[in-house]
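# A closer look at the structure
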Amino acid sequence: MTTLTGTGKLVRLILRRDRLPMALWILVICLILISYVPSLADVFPTAAARRQYADNAGFVALYGRLSGTSLGEFVTWRAGFIPVIVGLISLLTVIRHTRTEEETGRRELLGATVVGRHAGLAAALAATFGANLVLGALVALGMISQDLPAAGSLAFGVELAAAGWVFAAVGAVAAQLTDSAGGARGIALSVLGAAYLLRVAGDLSGEAGSGLSWLSWLSPIGLVHQIRPYSGERWWILTPAAGLTALLAAAAVALSARRDVAPACCRPAPARPRGRPACARRWPWPGGCTVACWPAGPPGSRCSVSCSAVSPAASGTCRIIRPYRTSSRGWAAEPGSSTPTLPPSWASSG
Amino acid sequence: MTEAIRTDALVKAFGHAPALDGLDLTVRTGEVHGFLGPNGAGKTTTIRILLGLLHADAGTARLLGGDPWHDATELHRRLAYVPGDVTLWPNLSGGEVIDLLGRLRGGLDKQRRADLLERFALDPRKKGRAYSKGNRQKVALIAALASDVELLLLDEPTSGLDPLMEQVFREVIREEQRRDGRTVLLSSHILAEVEALCDRVTIIREGRTVETGTLTELRHLTRTSIRAELAGPPTGLDSLSGVHNLDVQDSRVRFDADNDALDAALRHLIDVGVRSLVSQPPTLEELFLRHYDLTRAAGARHAEVSR
């Protein structure tokens with residue numbers, strides 16, 4: 001496979017560049033999770049206390065639904081937001097090593113050496129997958145060290161790693177879609193946000209007993225929650241999670257194969273060739289008010305304008321929002337309306 | 001094989017914006033080939049196609065006997081590239097980057113690396129974020145020059161280098177020239193650099209090849225502009241063929257001379273007596289303007305004939 005030539009060397013480069021931040025986020029997440037075990041056992045020693053604590057719509061939205069009251073179940077429930085964080089870090093890492101590299105031109109420097117066409121993408125995914133695997137393994141070991149059951153601990157590690165994998169692949173797809181790293185991050189973060197909201201909707205609905213709890217299953221975040229560590233681990237969830245990751249990664253490779261280095265799959269529309277017409281203005285208004293106007297509508301040669309009048313009296317502002325349209329040459333009232341007049345409310349509202 | 005690079009009627013467009021519009025480029029093995037053109041002429045696009053980073057829309061390109069797109073990975077073992085605008089990794093030192101690029105290319109000559117570091121006066125211990133533009137350029141140059149490759153693709157490699165370093169660069173390229181079989185494609189918009197180094201030159205404009213040949217062959221395009229202050233008013237300059245845009249004000253004179261008319265024109269000035277003399281070699285811009293005039297004139301003649 002010549003398209004993957006040099007992937008190993010590029011993985012090494014990523015690890016060399018990111019050794020500090022990667023080690024840091026893996027360790028911090030591990031330590032937080034390990035610290036949960038004794039502190040939660042301490043504060044919520046009984047099943048009743050745990051159930052009472054978790055019976056709260058806000059917490060259901062934030063962490064998900066409590067599957068049982070054993071310490072392991074309670075800890076994984078309390079760590080319900082961690083998969084979102086792992087997903088976030090993973091997608092950012094992948095974009096940083098793909099689209100950012102292209103945007104800065106460093107990809108070109110590397111692309112001229114003996115590296116295959118897909119080596120950069122493959123290396124970013126491999127390094128991120130690997131980091132997630134390390135995180136999962138360390139979390140599992142940490143949980144076992146806190147005397148939690150081994151199978152559940154392993155499942156917990158797998159849950160976090162799977163969340164990281166799926167969103168690493170989401171980042172890889174997003175990196176193909178725009179020509180800027182910022183745009184790619186926007187797309188990937190929107191997907192992460194949508195996944196989180198889907199899970200919230202599904203879990204809240206499930207808690208309320210209405211029929212929309214299946215929404216959680218559509219969300220990668222909800223999906224990895226369904227592994228349910230310490231609560232009769234559902235290992236088969238790994239199959240759809242890994243399948244989704246593979247599907248997204250394959251889509252990223254296919255998109256990347258269809259384009260040149262640097263440009264995106266979807267070419268952006270040509271940028272505006274001129275500056276916006278200056279729209280914001282102030283002028284005196286009868287009655288001692290000053291009217292300030294600023295562009296409010298979608299940018300264009302004509303801009304819609306919001307106006308507010310500021311009364312000279314210090315007692316407050318009299319405001320009116322009234323759309324005017326202006327061309328770049330001059331001002332005109334909204335078509336159909338006559339010369340702007342002072343609404344009666346202004347005089348009184350001062 | 002005698003041709004290191006050959007492109008025929010290369011076409012590439014970015015959306016609606018055409019970048020290359022039938023570009024022909026032939027670089028013979030072992031030569032230093034100047035690739036000249038104003039900004040946006042398509043130099044970088046051509047080089048990116050030759051590197052297999054871009055896929056041409058139409059036309060053919062051959063590089064070292066292979067296809068730049070399909071055989072990219074194999075071909076890259078045999079070439080090195082320096083982009084015009086080098087960005088480095090902020091937390092990697094210059095030395096690390098040189099070694100990284102060398103490793104990815106399949107090894108580099110350690111002795112030559114040390115030698116080049118010294119000649120270009122580059123501190124390899126600094127991190128990428130601390131380098132100036134010129135120093136970043138040097139990092140990529142050293143990495144390319146220290147690797148044992150057949151072909152160097154240099155895209156405006158001296159942008160950002162100070163005159164002293166430009167001189168070093170020229171010396172190094174001249175040495176490359178003496179080593180057997182090394183081919184250099186040097187893209188530039190600095191005519192002096194190309195004149196100093198290149199055996200043959202291709203000039204492109206708006207994605208098309210405008211001229212190609214040795215510099216001597218291109219001399220017909222160039223005029224030297226002369227400004228002189230004389231002992232008295234000159235006479236008879238206007239009767240010389242090859243003197244253009246003559247402007248005489250008392251004893252001051254300005255004109256542009258074709259290179260083969262330079263000798264006669266200067267003799268004329270010396271006969272009157274020269275107080276001061278400024279001669280300017282034609283800039284690339286003038287060359288382009290001149291070429292533009294020629295093609296327009298030819299176009300007009302053609303139109304007249306057809307009428």
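Parameters and conventions
The residue count restarts for each chain, going from 1 along the sequence in the order it is written. Just so you know, chain letters begin at A and ligand numbers begin at 1, following the order they were written in. A pLDDT threshold of at least 70 governs which residues receive local features in this predicted model, and a stricter bar of 80 or more applies before side-chain atom pairs are shown or counted, although totals over entire chains, interfaces and linings include all residues. We call two residues in contact when their backbone-placed C-beta atoms lie within 7 Å. We count a stretch as a helix when DSSP gives it H or I for four or more residues in a row; a strand needs E for two or more, and each element gets its number in order from the N terminus. All amino acids are sorted into three groups, where Ala, Val, Leu, Ile, Met, Phe, Trp, Tyr, Cys and Pro are nonpolar, Asp, Glu, Lys and Arg are charged, and the leftover types, Gly among them, are polar. Here the rule is simple: two strands pair whenever DSSP picks up at least two bridges between them. The axes are straight lines fitted to the C-alpha atoms, using for helices just the contacting stretch, and the angles between their N-to-C directions are given from 0 to 180°. Throughout, the edges of the domains are those of an automatic or database domain assignment. Here a residue counts as buried when 20 or more other C-beta atoms sit within 10 Å of its C-beta, as exposed when there are 12 or fewer, and as partly exposed otherwise, the C-beta atoms being derived from the backbone.

## Examining the interface of chain A and chain B
Contacts between chain A and chain B engage 22 residues on the former and 24 residues on the latter. If you list the elements that add at least two residues to the side of chain A that touches chain B, you get α1 (7-43) and α7 (106-111) of chain A. In terms of residue count, α7 of chain A provides more of the side of chain A that touches chain B than any other element does, five residues in total. When grouped by side-chain class, the residues that make up the side of chain A that touches chain B number eight nonpolar, eight polar and six charged.

## Focus on the sheet that holds strand β12 (residues 252-258) of chain B
Note on sheets: strands pair through backbone hydrogen bonds, and any given pair is parallel or antiparallel. Residue and element names in this part refer to chain B. Within the open sheet, the four strands sit side by side as β11-β12-β10-β13. Their pairing is antiparallel. At either margin of the open sheet sits one strand with a lone partner, and together these are β11 (243-249) and β13 (274-280). On average, each strand axis in the sheet is tilted by 15° relative to the strand beside it, whichever way the strands run. Taken together, the seven bridges between strand β10 (residues 223-230) and β12 define a ladder with antiparallel strand orientation. From the neighbouring strand, Arg223 faces β12, where its bridge partner is Asp258. Packed onto the sheet, helix α9 (residues 262-272) meets β10, β11, β12 and β13 and runs at close to 5° relative to β10.

## Concerning the domain arrangement of chain B
By domain assignment, chain B separates into domain 1 (3-219) and domain 2 (223-280). Once you take the C-alpha centre of each, domain 1 of chain B and domain 2 of chain B turn out to be 40 Å apart.

## What about unusual backbone geometry?
Residue and element names in this part refer to chain B. Here the phi dihedral of Ala9 falls at roughly 50°; this positive angle occurs in a residue that is not glycine. The topology assignment puts Ala9 in strand β1 (residues 3-14). A positive phi is found at Asn245, a non-glycine position, where the angle reads about 50°. The residue Asn245 is located in strand β11 in this model. According to the C-beta neighbour criterion, Asn245 is exposed, with 10 such atoms within 10 Å.

## A short note on the pairing of strand β6 (residues 151-155) of chain B
Residue and element names in this part refer to chain B. Counting buried positions along β6 gives five out of five residues, so the element sits mostly inside the fold. Judged by which residues are buried, β6 turns out to be covered on both faces: Leu151, Leu153 and Asp155 on one side and Leu152 and Leu154 on the other are all buried. Examined bridge by bridge, β6 and strand β7 (residues 183-188) share five bridges and lie parallel to one another. Residue pairing across strands places Asp155 opposite Ser187, the latter belonging to β7.

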